[in-house]
Amino acid sequence: MSPGVAHGHPGGGRGLAGPKEAGIRLAKGSVLWLRDRRRLERLLAKVVVDGSRSRYSHRLLAPTATLSPWYDDEAFLAVYEAVTDHTLVDIYRCWDLWSGLAQVADLPGDVLEVGVWRGGTGVLLAERSRQLGLDATVILADTFEGVVGAGDQDPWYEGGEHADTSVEVVESLKARFPGVSASLAVGRFPDDTGAAWAGSSLRLVHIDVDVYSSALSTLKWAWPRLGVGGLVIFDDFGSYECEGIATLGMQLMSAAGSVLRGVTNLNGHLTVVKVADEPLPDL
């Protein structure tokens, strides 16, 4: 391809011109230069972000893939912009939730999120459910008193982190989405509030609790209620300081057998697919 020619561009290979096109060429060239000879990988590998309590290796990551399908989905972008100040979950993982729910739209069951904080991802899932026309209750479970269940598997946590929220904060966000329905389960899940939803079937479970014990107890409660083909999406898999979630995810994938499949990404999600109507493996 000749320099300055947009190969395959509608209109027949017109030359790129103007500051925007020049900026695109420069950015693309920079990415290609960094990717060549694995320059970026070698550079970032030198930056150690492990701490004294880290149980796994942590390095900075910067993927060079550029496909960004969320920017072609106006409905997603509108919701994301409305909830972004109510979540610590980035646009990539929010898109993962948005698209993941669509992939299980043909399954029966409700949607469960445990670890709501200020309601950003919970309301995103509820609005997605509404737009898809799902016959599903969206259950948003949280103590609204911060992280609970921190233990030996969670060397960075003491408990009580992320307590800067309230039921009122979540309700105010919900009110910005007419027609959205979500039921709040206030208290420790499943110990305090699971009984109210014991008869539920589930199609998608989002676990964003940061620590091992809470994540495992949620998974054990949800698993027999999750339909075959249903998804459990763990937030913070591989995220710095969330060592307990990494431990649980690795245990699950090691014990998967014929019951589940685990799909990881490098942005902090582990997606578990239930592939057989069998009990959760012993961990």
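Below is a short write-up of the structure. (Residues numbered from 1 in each chain as written. Predicted model: local features only at pLDDT ≥ 70, side-chain atom pairs only at ≥ 80, totals over all residues. Heavy atoms only, no water.)

## Comments concerning the packing of aromatic side chains
Test applied: Only Phe, Tyr and Trp rings take part, Trp by its six-membered ring, and two of them pair if their centres are within 6.5 Å. Stacked means planes under 30 degrees apart, edge-to-face means over 60, and tilted covers everything else. Secondary structure elements are defined from DSSP: runs of H or I of at least 4 residues count as helices, runs of E of at least 2 residues count as strands, and each element is numbered from the N terminus. Per-residue accessibility, obtained with a 1.4 Å probe over protein chains only, is compared with the maximum for each type, and a residue is labelled buried under 20%, exposed over 50%, and partly exposed between these values. Charges are assigned to positions over rings by a cutoff of 6 Å between ring centre and Lys NZ or Arg CZ, combined with an angular limit of 35 degrees from the ring normal.
Counted by the stated rule, this structure contains eight aromatic pairs. Note on Phe76 and Trp95: the rings are 5.3 Å apart at their centroids and 85° apart in plane angle, and the pair reads as edge-to-face. With Phe76 in helix H3 (residues 74-83) and Trp95 in helix H4 (residues 91-103), this pair connects stretches of sequence that are 19 residues apart. Looking at Phe76, the relative accessible area reads 0%, which means it is buried. What links up through ring pairs into an aromatic cluster is the set Trp70, Tyr71, Phe76, Tyr80, Tyr92, Trp95 and Trp98. Its end group placed over the ring of Trp221, Arg225 keeps NZ or CZ at 4.1 Å from the ring centre.

## Some words on the side chain of Lys274
Heads up, the condition is: Counted as positive: Lys and Arg. Counted as negative: Asp and Glu, with His and the chain ends omitted from the count. Salt bridges are counted wherever a side-chain nitrogen of Lys or Arg sits within 4 Å of a carboxyl oxygen of Asp or Glu. The term polar contact refers here to a pair of N or O atoms within 3.5 Å; inside protein, the definition further demands a hydrogen-donor-capable atom paired with an acceptor-capable atom, and it admits residues adjacent in sequence only when both atoms are side-chain atoms. Working rule for contacts: check all heavy atoms of both residues, and any pair within 4.5 Å makes them a contact.
Mapped onto the elements of the fold, Lys274 is located in strand E7 (residues 269-274). One buried charged residue, Lys274, remains without a salt bridge, the closest side chain of opposite sign being Asp277 at 4.1 Å. Within the structure, Lys274 has its side chain in polar contact with the backbone oxygen of Leu226 (distance 2.8 Å). In this structure Lys274 touches Trp223, Pro224, Leu226, Gly227, Val228, Gly229, Gly230 and Val259, once residues within four positions along its chain are discounted.

## A look at the environment of Arg93
In this structure, Arg93 sits in helix H4. For Arg93, a relative accessible area of 8% gives the class buried. Along the backbone, Arg93 and Asn267 are 174 residues apart, and their C-alpha atoms lie at a distance of 7.3 Å.

## Looking at the layout of surface pockets
Keep this limit in mind: Cavities and pockets are defined on a 1 Å grid built over the protein atoms alone: a cavity is a set of grid points where a 1.4 Å probe fits but cannot escape, while a pocket is an open set with protein on both sides within 12 Å along at least five of seven lines, and lining residues are those with an atom within 4 Å of any such point. Grid points are joined across faces, edges and corners, and a volume is the space filled by probe spheres set on the points. All residues other than Ala, Val, Leu, Ile, Met, Phe, Trp, Tyr, Cys, Pro, Asp, Glu, Lys and Arg, Gly among them, are scored as polar; the first ten of these are nonpolar and the last four charged.
Estimates place the volume of the largest pocket at around 1,300 Å³. Every residue lining the largest pocket is counted, 43 residues in all, and those nearest its centre are Leu61, Pro63, Asn265, Leu266 and Asn267. Its residues assigned to classes, the lining of the largest pocket comprises 23 nonpolar, 12 polar and eight charged. When its volume is computed, the second largest pocket comes out at roughly 460 Å³. Those elements that place two or more of their residues in the lining of the second largest pocket are strand E2 (138-142) and helix H7 (212-222). For the lining of the second largest pocket, the per-class residue count stands at 12 nonpolar, 11 polar and nine charged.

## Section: the sheet that holds strand E5 (residues 226-235)
Quick note on the threshold: Note on pairing: two strands pair once DSSP finds at least 2 bridges between them. Lines fitted to the C-alpha atoms define the axes, with helices restricted to the stretch that makes contact. Angles between their N-to-C directions range from 0 to 180 degrees.
Read from one edge of the open sheet, seven strands run E3-E2-E1-E4-E5-E7-E6, paired in mixed fashion. The open sheet has two edge strands with one neighbour each: strand E3 (183-186) and strand E6 (260-264). Sheet twist, expressed as the average angle between the axes of neighbouring strands with direction ignored, equals 15°.

## Quick look at helix H1 (residues 18-35)
We count it as follows: In this scheme, a helix's expected span is set at 1.5 Å multiplied by one less than its residue total.
For H1, spanning 18 residues, the distance from its first C-alpha to its last is 26 Å, which sits close to the expected 26 Å at 1.5 Å a residue. Arg37 sits one or two residues past H1 and shows a positive phi near 55°.

## A word on the pairing of strand E1 (residues 110-114)
Most of E1 is tucked away: five of the five residues are buried. Of the two faces of E1, the one carrying Asp110, Leu112 and Val114 and the one carrying Val111 and Glu113 are both buried. Relative to strand E4 (residues 202-207), E1 runs parallel, the two sharing five bridges. Looking across to E4, one finds that Asp110 is bridged to Leu202. Bridge analysis of E1 against E2 gives four bridges, and the strand direction is parallel. The partner of Glu113 across the bridge, within E2, is Leu140.

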